[in-house]
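Structural overview
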Amino acid sequence: MFWVLLLLLAWAAAGTACTRLCLAAVHAAAVDAEDAAAGRAHDLTLYEAAFLSGGPRRVADLTLVSMARQRRLLLARTGWATVVDPRGRDDMERSVIGAIGPEGQSRIAPVRAAAATADAVHGIADRLVSAGLAVPDGARASVAAGIRQVWFAALAVLALGATALLTPAQSDMPRSLVALWFGLPFALTLSCLAVARIEVHPYSRWASPAGQRLLGALTRRPGRDDRTDLTSVAVHGIRAIGEPDLRAAFAHREQQDWRA
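Throughout, a residue's number is its position along its own chain's written sequence, starting from 1. In keeping with the model being predicted, local features are shown solely for residues with a pLDDT of at least 70 and side-chain atom pairs are shown and tallied solely at 80 or more, while totals for entire chains, interfaces and linings include all residues. As a rule here, side-chain values cover all heavy atoms of the structure and leave hydrogens and water aside.

In terms of regular secondary structure, the protein is built from 11 helices and three strands. The linear arrangement of helices and strands in the protein, starting from the amino end, is α-α-α-β-β-α-β-α-α-α-α-α-α-α. Note on exposure labels: buried denotes an accessible area under 20% of the residue type's maximum, exposed denotes more than 50%, and partly exposed covers the range between, all computed with a 1.4 Å probe on protein chains only. Within the span of the protein, comprising 260 residues, buried residues form 43% of the whole. Residue pairs at least 24 apart in sequence account for 71% of intrachain contacts in the protein once pairs closer than 6 positions are excluded. Secondary structure follows DSSP: runs of H or I at least 4 residues long count as helices, runs of E at least 2 residues long count as strands, and numbering of each begins at the N terminus. Any two residues whose heavy atoms approach within 4.5 Å at even a single point are treated as in contact.

Right, here's the structure in full:
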């Protein structure tokens, strides 16, 4: 019977996709469990907090804001960055100064983009991944690929089921029962996606569950002013900047990024 062959294909697609997603999720959970103890003993720097909250571009933003507040970098309302003190105090500041160039002045958008891809940011990412606080690129990509494959499998099951129902009847099997048989692998894919949404949800794009716990502890520390503290910028981004001139400079940068 032709519909049985289509049903076998539907089960093969659903089973393969769900198995791949489950294996990817189990691997990601195992990595987090192995590194959770080390993560609890880690004391986040501001750069690390920025990376876990918003990735490489957040680290670049934090560096720009920090240097501007120390009057070692001028961020104009027109979206230009000007070097005041050419001596960087760490690798990230040296990356920003190098991105501005020998002229000592550049638009903020290209500076931010170049600083976000600097070796200093890669070093921060490697340290956080080794500590179990950041999601490795491979784990993030494998889980995402597994979810996509399950979605494709669900669509394939629907297509195969529709083909079986539209094909002229070659047996005495009622069409309602044929639809029910195809509903089983479709229900499997939907269940797998629902479970993945619950289990994978604790993982943000950058921070693992252990990293998110440290970020939460960092923001709950007493004695901080969210309007001016760099911690707030690291965790919440440029929307946490309190100075009107700095906000205007970064707003101009966002307009440039949007046009590009």
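Mapping W80 onto the fold places it in strand β2 (residues 80–83). Residues within four places of W80 in sequence aside, it is in contact with L74, L75, Q105, S106, R107 and I108.

This part covers the nonpolar core. Grouping buried Ala, Val, Leu, Ile, Met, Phe, Trp, Tyr and Cys residues that are joined through side-chain atoms within 4.5 Å yields what is termed a nonpolar core. Ranked by internal contacts, the top residues of the largest apolar core, which has 48 residues, are F51 and L75. Here this core gets seven residues from one element, more than from any other, and that element is helix α3 (residues 56–69). Beyond its immediate sequence surroundings of up to four residues, F51 is in contact with P56, V59, V121, I124, A125, L128, A134 and W206. Grouped together as the second largest cluster of nonpolar side chains are 10 residues, L7, L160, A164 and F182 included.

Moving on, we come to the confidence of the model for the protein. Summing up the model confidence of the protein, the mean pLDDT is 83 and the portion of residues at 70 or higher is 83%. Per-residue confidence from the predictor is reported as pLDDT, which spans 0 to 100. Across the protein, helix α4 (residues 91–100) holds the top mean pLDDT of 95, while helix α11 (residues 244–259) sits lowest at 66.

Here we take up unusual backbone geometry. Phi at R71 takes a positive value of approximately 60°, unusual for a residue other than glycine. For R71, a relative accessible area of 63% gives the class exposed.

With 12 residues, helix α6 (residues 119–130) should reach 16 Å at 1.5 Å per residue; the first-to-last C-alpha distance of 16 Å fits that figure. For α6, the complete set of buried residues consists of A120, V121, I124, A125 and L128. Seen end-on, α6 carries its buried residues on one side only, within an arc spanning 140°. For α6, the exposed residues lying more than 90 degrees away from the buried face are D119, D126 and S130. In this fold, the buried residues of α6 make contact with α2 (46–54), α3, α4 and α5 (108–116). Each residue after the first adds 1.5 Å to the expected span of a helix. The arc in question is traced by the directions running from the helix axis to the C-beta atoms.

The criterion for a disulfide is a pair of cysteine sulfur atoms lying within 2.5 Å. Evaluated as defined, the whole model comprises zero disulfides. Residue C192 stays outside any disulfide, its sulfur separated by 3.8 Å from that of C18, the closest cysteine.

Glancing now at the pattern of salt bridges. Within this document, salt bridges are pairs made up of a side-chain nitrogen of Lys or Arg and a carboxyl oxygen of Asp or Glu, the two lying within 4 Å of each other. Scanning the model with the defined rule gives seven salt bridges in all. In this structure, E93 engages R72 in a salt bridge whose closest nitrogen and oxygen atoms are separated by 2.6 Å. In this pair, E93 is assigned in helix α4 and R72 in the loop between α3 and β1 (73–75), connecting sequence segments 21 residues apart. Overall, E93 belongs to the buried group, its relative accessible area being 3%. Here R87 makes a salt bridge to D85, at a shortest N to O gap of 3.2 Å. Assessed through its relative accessible area of 14%, D85 is described here as buried.

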